[in-house]
Amino acid sequence: MGPKDLKITIRSTSLVHPPPLTLEKRRSMFLSNIDQLFNFDVETVHFFSAVESFPPFAVCNAIERALQQLLVPYDFLAGRLRLDPLKGRLEVDCNGAGVGFVVASSEMTLEEVGDLTYPNPAFKNLVPTRSLKGLEDWPLTTIQVTSFKCGGFAMGVSNNHITFDGATFKNFLDNLASVTASSKGTLSIHPCNDRDLLSARSPPRVTFPHPELTKNIDSIFNASTGTPIETKLFRLSPSDITLIKQKANSPHGGPAPTSFNAVTAHVWRCHAAVTAANTSRLLYMVDLRSRLRQHLPKSYAGCAVWGAYAAATRDELVEGQFYRVVESVREGAERVTEEYVRSAVDALEMGKGGALMSGDLLVTSWWRLGFEMVEYPWGSPLYCCPIVDRRSGVALFVPEIRCSGGGGGGGMSILISLSAGDEVELFEKMFYEFLKS
């Protein structure tokens, strides 16, 4: 599991501000109804091996300089959330208040840290700690660089999900890598910051039911009830994934199952088997950029995701044909058309906020986002992972750890949080028995 104490010392804490010229263009940035669903922090850690030509202090200097340049195209990152008193909705005041930057060191080597893929709670210390400040005082993004005794280091990022979804965070990291490598501050992709592209229609029109939305906060991904939660790691090799896809083929033909749909169906089936509920609702995020192609550029920098859902009885999932479970997953994504998304945005507008997305099982995939493929001047990350939120019924797909030769082999690791005890043991038994049957 790894050490519980990484023996970290904070060396310095500061704010990185945009160039003065940027402040002359101060503005308020509209946040779409989808953005406002994601008003919570996302914490990620990116581990790097030692590189002689880039000791950690040089990396810190390079990142700090690059951040200042990036706060021109990403001016909202240096801003602060505020509530518009007239409209009663959140917006970003692009006031140049700054991005947080923390420099830290550990008394350990990366080898002593152990298996980076395992969900070690101590990794929480590799990301900046949020203080008890109000909306207008806390940075939307803070980066912490922690050096290890071996010369390797970790870049921990804490950012409000309002700022980025997974795809645009990858774009930001690509730009960070590009700017650190170029004295001219060249961007690899220019962000589109116009979040009005996902604003509600006038007048709003709700044309679909939206069971993925709820106002009952206790139902949000099985919010903790005091039951101990255990996060378990399951590894799938490329051959395991191929085998699951083969089992997912329909005898009636039709579209070939994708790796994501097949593995998600397998995890959903196992989860349903270990819980007492008679029905189960799956929720997973789909990228809207390709679904709203005429209205949303790939460089759109806001939250452009929506929850695809599928529902089934326990018997249908556990005793039924596996290919039907896979089809249910696929149909969930197919439901998210442009009109469906516009209807959901309008439903949020008519509800005046307060709604959240919920399900019995939430699957979040980092598998193909490519964080581990970002090429910095000091090389690509050895491994990238989120700080795991221990809520029952949350499954996270991440790529396998990068080999020394570069890149993984196409396998994945699955981190799933379940009630500790029999639930975990039964899930593990069913997960691997399916691969052998």
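Residues numbered from 1 in each chain as written. Predicted model: local features only at pLDDT ≥ 70, side-chain atom pairs only at ≥ 80, totals over all residues. Heavy atoms only, no water.

## Details of the overall build of the protein chain
Okay, so step 1: From N to C terminus, the protein chain includes eleven helices and 17 strands.
Okay, so step 2: Computed over the C-alpha atoms, the radius of gyration of the protein chain is 22 Å, within 12% of the 22 Å expected from 2.2 N^0.38 for a compact globule of 437 residues.
Okay, so step 3: Once the C-alpha set of the protein chain is aligned to its principal axes, its extents read approximately 60 × 55 × 40 Å.
Okay, so step 4: Taking as baseline every contact in the protein chain between residues at least 6 positions apart, the subset at least 24 positions apart corresponds to 81%.
Okay, so step 5: If you sum the accessible surface of the protein chain, you get close to 19,200 Å²; carbon and sulfur atoms cover 52% of it.
Okay, so step 6: Counting 43 positive and 46 negative side-chain charges, the protein chain places the centres of these two groups 3 Å from one another. (Helix = DSSP H or I, 4+ residues; strand = E, 2+ residues; numbered from the N terminus. Rg over C-alpha atoms; globule rule 2.2 N^0.38 Å. Contact = heavy atoms within 4.5 Å. Areas by Shrake-Rupley, 256 points an atom, 1.4 Å probe, with all protein chains shown as cover. Lys, Arg positive; Asp, Glu negative; His and termini not counted. Charge placed at Lys NZ, Arg CZ, Asp CG, Glu CD.)

## Topic: the packing of helix H7 (residues 259-274) against helix H9 (residues 322-334)
Okay, so step 1: The interhelical angle for the contact between H7 and H9, taken along N-to-C directions, is 115 degrees, at an axis separation of 9 Å. When the axis of H7 is compared with that of H9, the two are roughly perpendicular. Classified by chirality, the crossing of H9 by H7 is right-handed. Along its contact with H7, which presents Asn261, Ala262, Thr264, Ala265, His266, Trp268 and Arg269, the element H9 presents Phe322, Val325, Val326, Ser328, Val329 and Arg330. (Axes fitted to C-alpha atoms, helices over the stretch in contact; angles between N-to-C directions. Parallel < 35°, antiparallel > 145°, perpendicular 65-115°, else oblique. Left-handed = near helix turned anticlockwise from the far one by under 90°.)

## Side note on the sheet that holds strand S4 (residues 80-84)
Okay, so step 1: Here three strands make up an open sheet; going across it, the order is S2-S5-S4 and the pairing antiparallel. This sheet does not close on itself; its edge strands, each paired only once, are strand S2 (27-30) and S4. Taking the axes of each pair of neighbouring strands and ignoring which way they run, one obtains an average angle of 40 degrees across the sheet.
Okay, so step 2: Where S4 lies against strand S5 (residues 89-94), five bridges are found, and the strand directions are antiparallel. Considered in S5, the bridge of Leu83 is made with Leu90. (Pairing = 2+ DSSP bridges.)

## Concerning the packing of helix H6 (residues 238-247) against H7
Okay, so step 1: Packing of H6 against H7 leaves a shortest axis separation of 9 Å and a crossing angle of 85 degrees. Relative to H7, the element H6 lies roughly perpendicular. Residue-level inspection shows Ile241, Ile244 and Lys245 of H6 in contact with H7, the latter providing Ser259, Ala262, Val263 and His266.
Okay, so step 2: Its residues placed into classes, the contact of H6 with H7 shows four nonpolar, two polar and one charged. (Nonpolar A, V, L, I, M, F, W, Y, C, P; charged D, E, K, R; others polar.)

## Description of the sheet that holds strand S12 (residues 305-313)
In a beta sheet, neighbouring strands pair by backbone hydrogen bonds and run either parallel or antiparallel.
Okay, so step 1: Here six strands make up an open sheet; going across it, the order is S10-S17-S16-S14-S11-S12 and the pairing mixed. Here the strands that pair on one side only, and so sit at the sheet edges, are strand S10 (229-236) and S12. Here the average twist between neighbouring strands, direction ignored, is 20 degrees.
Okay, so step 2: Taken together, the three bridges between strand S11 (residues 279-287) and strand S14 (residues 361-365) define a ladder with parallel strand orientation. The residue bridging Leu282 from the neighbouring strand is Leu361, located in S14.

## Thoughts on the pairing of strand S7 (residues 141-147)
Okay, so step 1: Most of S7 sits out of view: seven of its seven residues are buried.
Okay, so step 2: Both faces of S7 are covered, namely the face carrying Thr141, Ile143, Val145 and Ser147 and the face carrying Thr142, Gln144 and Thr146.
Okay, so step 3: As paired strands, strand S6 (residues 99-106) and S7 are joined by six bridges and run parallel to one another. In the strand pairing of S7, Gly100 is matched with Thr142.
Okay, so step 4: Relative to strand S8 (residues 153-160), S7 is paired through seven bridges, and the arrangement is antiparallel. Across the sheet, the residue bridging to Gln144 is Gly156, located in S8. (Buried < 20%, exposed > 50% of the residue type's maximum accessible area, 1.4 Å probe, protein only.)

## So, the nonpolar core
Generally speaking, a soluble globular protein has its nonpolar side chains buried in company with each other.
Okay, so step 1: One finds Val267, Leu288 and Trp306 to be the most contacted residues of the largest nonpolar core, which totals 69 residues.
Okay, so step 2: When residues of this core are assigned to their parent elements, the largest contribution, ten residues, is made by H7.
Okay, so step 3: Ignoring any residue separated from it by four or fewer positions in sequence, one finds Leu288 in contact with Ile34, Leu296, Ala304, Val305, Trp306, Val336 and Val341.
Okay, so step 4: Grouped together as the second largest cluster of nonpolar side chains are 65 residues, Leu31, Val99, Leu176 and Cys384 included. (Core = buried A, V, L, I, M, F, W, Y, C linked by side-chain atoms within 4.5 Å.)

## Brief notes about unusual backbone geometry
Okay, so step 1: The step from Ser202 to Pro203 runs through a cis peptide bond, and the omega angle for that step is -5 degrees.
Okay, so step 2: As for its placement among the helices and strands, Pro203 is situated in the loop between helix H5 (166-181) and strand S9 (213-214).

## Describing the pattern of salt bridges
Two side chains with opposite charge may pair up if their charged atoms get near one another.
Okay, so step 1: Following the criterion strictly, the structure yields 19 salt bridges and no others.
Okay, so step 2: One salt bridge connects Asp287 with Arg289, and the closest N-O pair in it is separated by 3.1 Å.
Okay, so step 3: Note on Asp287: relative accessible area 32%, which makes it partly exposed.
Okay, so step 4: Of the residues examined, Arg289 reaches a relative accessible area of 6% and is grouped as buried.
Okay, so step 5: The shortest N-O distance in the salt bridge between Glu327 and Arg324 comes to 2.3 Å. Of the two residues, Glu327 and Arg324 both sit in helix H9, three residues apart, roughly one turn of that helix.
Okay, so step 6: The class of Glu327 is buried, set by a relative accessible area of 17%. (Salt bridge = Lys/Arg side-chain N within 4 Å of Asp/Glu carboxyl O.)

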